[in-house]
There are 2 protein chains.
Amino acid sequence: MRGKVKSRRRSGCPVSLSLEILGDRWSLLVIRDLMVRGFRTFKEFEESDEGIATNILSDRLRRLETNGIIIAETEKTDRRRGSYRLTEKGIDLAPVLLDLLIWGARHEESLAPPALMVQMEKNREGVIAEARKRWRERDSTPLIPSFADDGAGRSSKRR
Amino acid sequence: MRGKVKSRRRSGCPVSLSLEILGDRWSLLVIRDLMVRGFRTFKEFEESDEGIATNILSDRLRRLETNGIIIAETEKTDRRRGSYRLTEKGIDLAPVLLDLLIWGARHEESLAPPALMVQMEKNREGVIAEARKRWRERDSTPLIPSFADDGAGRSSKRR
DNA sequence: CCGGATCCGTTTCGATACTG
DNA sequence: CAGTATCGAAACGGATCCGG
């Protein structure tokens, strides 16, 4: 039992700190779903994506909350946390998410219609502004409709 | 030995795919060091940061390589891979990294001089263009000098 | 039913020793 | 110097259970 903890040094670059919060498989995915797909409840997160386990989801939500990226709203009648929203700090991640989305669309298998991406890339600032606006208005309709549904992305899943 | 793979469904959003590559504690950090700090050798990565273990570093470098984000250059005289560089796909992550850097500087403990960040935020496009330019010229001097050294970031680390 | 918490087997991580 | 090998520790993921 080598109890050497080795006193983790941390570099001064802010990215490292960010990655201590966001550097895992699920956190950014949860934030994306909040921001882009308009998810708000535990169940929505659980059922979507690639099937995050409930314990992991619970843990990630709590971690994001303690880091001030989301807030959980508890109803008075019920002790459970019913819905989640991004804080301003959280919505400020919109540029990161968007750039990642753009990068993914350009370099990974382009499951999402490139046309949409090209447009989004051109209108980056506009999309970010829209995200921020909706956050202020507590409007949680999906920011990018094609990503709203589950097997999503493949062209016109029109309704 | 329950061979149930459960046929992981993946959502159509490109972000998920990106996060399968980048969604861990170290990958983006390695990319940042490649891009912003100008690291190129195994040893530089190993000694910097918050002390990544050599086996993890080795694994991440390999994964980034197989995903086409970096390339390893092997010298003919030696079987070892001597230096690493970003591919074009890798350099295209500059916007993501930069936005993450900006976000971190704004919301996390501001270890980096805010002035630098404000400037970088204003000149986002310029910094990205510079990164791309250097990549083309194989110029690996640090893109952001304050982040070049280890305990870095704290204002005027006089030189 | 919904939002979790708990239990438990499996996978990944991380520190260090070791090798070409 | 650039990695592997090893092994204990931590995180993950699935199933199940529980309180509101």
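Residues numbered from 1 in each chain as written. Chains lettered and ligands numbered in written order. Predicted model: local features only at pLDDT ≥ 70, side-chain atom pairs only at ≥ 80, totals over all residues. Heavy atoms only, no water.

Okay, the protein's contact with DNA strand C next. Surrounding DNA strand C, one finds 21 residues, the nearest of these being Arg-80 and Tyr-84 of chain A together with Asn-55, Arg-60 and Arg-80 of chain B. Taken together, the sugar and phosphate atoms account for 63% of what DNA strand C places within 4 Å of the protein. Between DNA strand C and Ser-58 of chain A, the relevant distance is 2.9 Å, taken from a phosphate oxygen to a side-chain nitrogen or oxygen of the residue. Every element with two or more residues in the surface near DNA strand C is listed here: helix H3 (42-47), helix H4 (54-66) and strand E2 (81-86) of chain A together with helix H4 (54-66) of chain B. A per-class count over the surface near DNA strand C returns 5 nonpolar, 7 polar and 9 charged. (Near = heavy atom within 4 Å. Polar contact = N/O pair within 3.5 Å; in protein donor to acceptor, adjacent residues only side chain to side chain. Helix = DSSP H or I, 4+ residues; strand = E, 2+ residues; numbered from the N terminus. Nonpolar A, V, L, I, M, F, W, Y, C, P; charged D, E, K, R; others polar.)

Residue and element names in this part refer to chain B. When the terminal C-alpha atoms of H4 are compared, their 18 Å separation across 13 residues agrees well with the 18 Å that a helix rising 1.5 Å per residue should span. Of the positions making up H4, those classed as buried are Leu-57, Arg-60, Leu-61 and Leu-64. Projection of H4 onto a plane perpendicular to its axis shows the buried side chains occupying an angular sector of 100°, all on one side. Relative to its buried face, H4 has exposed residues pointing more than 90 degrees away, namely Asn-55 and Thr-66. In the stretch just after H4, Gly-68 is the one whose phi turns positive, near 75°. (Expected span 1.5 Å × (residues − 1). Buried < 20%, exposed > 50% of the residue type's maximum accessible area, 1.4 Å probe, protein only. Arc of directions from axis to C-beta.)

In this section: the pairing of strand E1 (residues 70-74) of chain B. On a regular strand, each side chain points to the face opposite its neighbour's, so the side chains alternate between the two faces of the sheet. Residues and elements named next belong to chain B. By the bridge criterion, 5 bridges tie E1 to strand E2 (residues 81-86) in an arrangement that is antiparallel. Counted as the bridge partner of Ile-71 is Arg-85 from E2. The turn linking E1 back onto E2 is made up of 6 residues. (Pairing = 2+ DSSP bridges.)

A few words on the protein's contact with DNA strand D. Neighbouring residues of DNA strand D: 21 residues in total, closest Arg-60 of chain A together with Thr-54, Arg-62, Arg-80 and Tyr-84 of chain B. The contact atoms of DNA strand D, taken as those within 4 Å of the protein, divide so that sugar and phosphate hold 62%. Within the side chain of Arg-62 of chain B, a nitrogen or oxygen atom sits 2.6 Å from a phosphate oxygen of DNA strand D. Every element with two or more residues in the surface near DNA strand D is listed here: H4 of chain A together with helix H3 (42-47), H4 and E2 of chain B.

This part is about the packing of aromatic side chains. Think of a pair of aromatic rings as described by two things: how far the centres are apart, and how the planes are tilted against each other in angle. Residue and element names in this part refer to chain A. Tallied over the full model, the rule gives 2 aromatic pairs over all chains. Centroid distance Phe-39 to Phe-45: 5.8 Å. Interplanar angle 75°. Geometry classified as edge-to-face. Of the residues examined, Phe-39 reaches a relative accessible area of 9% and is grouped as buried. The exposure class of Phe-45 is buried, given its relative accessible area of 1%. Here Arg-25 stacks its cationic end above the ring of Trp-26, 5.5 Å away from the centre of that ring. (Phe/Tyr/Trp six-rings, centres within 6.5 Å; stacked < 30°, edge-to-face > 60°. Lys NZ or Arg CZ within 6 Å of the ring centre and 35° of its normal.)

Looking now at the packing of helix H6 (residues 94-107) of chain B against helix H8 (residues 124-137) of chain B. Residues and elements named next belong to chain B. The interhelical angle for the contact between H6 and H8, taken along N-to-C directions, is 135°, at an axis separation of 10 Å. The pairing of H6 with H8 is recorded here as oblique in orientation. Handedness of the H6/H8 crossing: right-handed. Where H6 abuts H8, its residues Ala-94, Pro-95, Leu-98, Asp-99 and Ile-102 lie against Arg-124, Val-127, Ile-128 and Ala-131. Residues of the contact of H6 with H8, tallied by class, amount to 7 nonpolar, no polar and 2 charged. (Axes fitted to C-alpha atoms, helices over the stretch in contact; angles between N-to-C directions. Parallel < 35°, antiparallel > 145°, perpendicular 65-115°, else oblique. Left-handed = near helix turned anticlockwise from the far one by under 90°. Contact = heavy atoms within 4.5 Å.)

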